[in-house]
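Chain residues, written in single-letter form:
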Amino acid sequence: MADPTPAFVDSLHLVSTIATTPAEANKLDGISDAPVSMTSDTVDGNYLGGGGWKRTIPTLKGFEISLSGHHMPELASHQLLESLFLSGGTGYFLIVKDPDGTAGNVGTRYPVRVSSFEKGRAAGDVLTMTATLVGQGAPVDF
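Below is a summary of the structure that appears in this document. This one's a predicted model, so the numbers in the text were calculated from it and none came from an experiment.

**Considerations on the side chain of Ser11**
Counting through the fold element by element, Ser11 comes out in strand 1 (residues 11-15). Within the structure, the side chain of Ser11 is placed 3.4 Å from the side chain of Asp10, a separation counted as a polar contact. In this structure Ser11 touches Lys27, Leu94, Ile95 and Val96, once residues within four positions along its chain are discounted.

Set out below in structure tokens:
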């Protein structure tokens, strides 16, 4: 069996426009988890005489990103996260894998809306935060 390939992410960013590039100013620091869950809707694709077994055909695809970590209210990216939740606006979540890569190999840009946002204090008196980002179109490599 082959050895697993480690997932390397250089940085996470949240920006308000599609043209904004990853920079220190829009880095989403403090995030410990950001799994991207992709799903596909399906419809039944049976035909007469199919032998009674169900078949499905994939239709629309979507994704959801669950963020969790430390809340850093002084950072512009954390302020934007809360602002996008309150306004219902669309933002762009950037996962940078290789900041020095060629175009199309730097990372992935996800158009998102913030569907949930929670902030609070952990037992150690640290500000914590969780948010759910819901896809607003296809992710694009940049």
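**Here we look at the nonpolar core**
Of all hydrophobic cores here, the largest spans 19 residues; its most connected members are Ile65, Leu67, Leu81, Phe93 and Leu133. Sorting the residues of this core by element identifies strand 1, strand 4 (56-70), helix 1 (76-87), strand 5 (90-96), strand 6 (107-121) and strand 7 (127-135) as the ones contributing at least two each. Counting residues per element, this core draws most heavily on strand 6, at four residues. Filtering out sequence-adjacent residues up to four positions away, Leu81 remains in contact with Leu14, Leu67, Val114, Phe117, Met129, Ala131 and Leu133. Formed by six residues, the second largest nonpolar core is a distinct cluster that contains Val15, Leu94, Val106 and Phe142.

**Some words on the packing of aromatic side chains**
Scanning all chains against the criterion turns up two aromatic pairs. For the pair Phe63 and Tyr110, a centre-to-centre distance of 5.2 Å together with 65° between the ring planes defines the contact as edge-to-face. Of this pair, Phe63 sits in strand 4 while Tyr110 sits in strand 6, placing them 47 residues apart in sequence. Accessibility expressed as a relative area gives 8% for Tyr110, which makes it buried. Over the face of the ring belonging to Phe142 we find Arg109, whose NZ or CZ atom lies 4.8 Å from the ring centre.

**Remarks on the pattern of salt bridges**
Applying the stated criterion across every chain, the model contains two salt bridges. The salt bridge partner of Lys54 is Asp44, with a shortest N-O separation of 3.4 Å. One end of the pair, Lys54, is in the loop between strand 3 (36-44) and strand 4; the other, Asp44, is in strand 3, and 10 residues separate them in sequence. An identical accessibility class is assigned to Lys54 and Asp44; each is exposed. Between Lys119 and Glu82 there is a salt bridge whose closest N-O contact spans 3.1 Å. Residue Lys119 is located in strand 6, and its partner Glu82 is located in helix 1; the two are separated by 37 residues in the primary sequence. Given the relative accessible area of 24%, Glu82 is considered partly exposed.

**Some thoughts on the pairing of strand 1**
Counting buried positions over the five residues of strand 1 gives five, a clear majority of the element. Of the two faces of strand 1, the one holding Ser11, His13 and Val15 and the one holding Leu12 and Leu14 are both buried throughout. Across five bridges, strand 1 lies against strand 5 in antiparallel orientation. Looking at the pairing, Val15 lines up with Tyr92 of strand 5.

**Things to note about the environment of Gly137**
Within the element layout of this structure, Gly137 appears in the loop between strand 7 and strand 8 (140-141). Residue classification places Gly137 among the partly exposed positions, given a relative accessible area of 43%. Once you skip the residues sitting within four places of it in the chain, Gly137 turns out to touch Phe63 and Pro111.

Cut-off values and rules
- Residues numbered from 1 in each chain as written.
- Predicted model: local features only at pLDDT ≥ 70, side-chain atom pairs only at ≥ 80, totals over all residues.
- Heavy atoms only, no water.
- Helix = DSSP H or I, 4+ residues; strand = E, 2+ residues; numbered from the N terminus.
- Polar contact = N/O pair within 3.5 Å; in protein donor to acceptor, adjacent residues only side chain to side chain.
- Contact = heavy atoms within 4.5 Å.
- Core = buried A, V, L, I, M, F, W, Y, C linked by side-chain atoms within 4.5 Å.
- Buried < 20%, exposed > 50% of the residue type's maximum accessible area, 1.4 Å probe, protein only.
- Phe/Tyr/Trp six-rings, centres within 6.5 Å; stacked < 30°, edge-to-face > 60°.
- Lys NZ or Arg CZ within 6 Å of the ring centre and 35° of its normal.
- Salt bridge = Lys/Arg side-chain N within 4 Å of Asp/Glu carboxyl O.
- Pairing = 2+ DSSP bridges.

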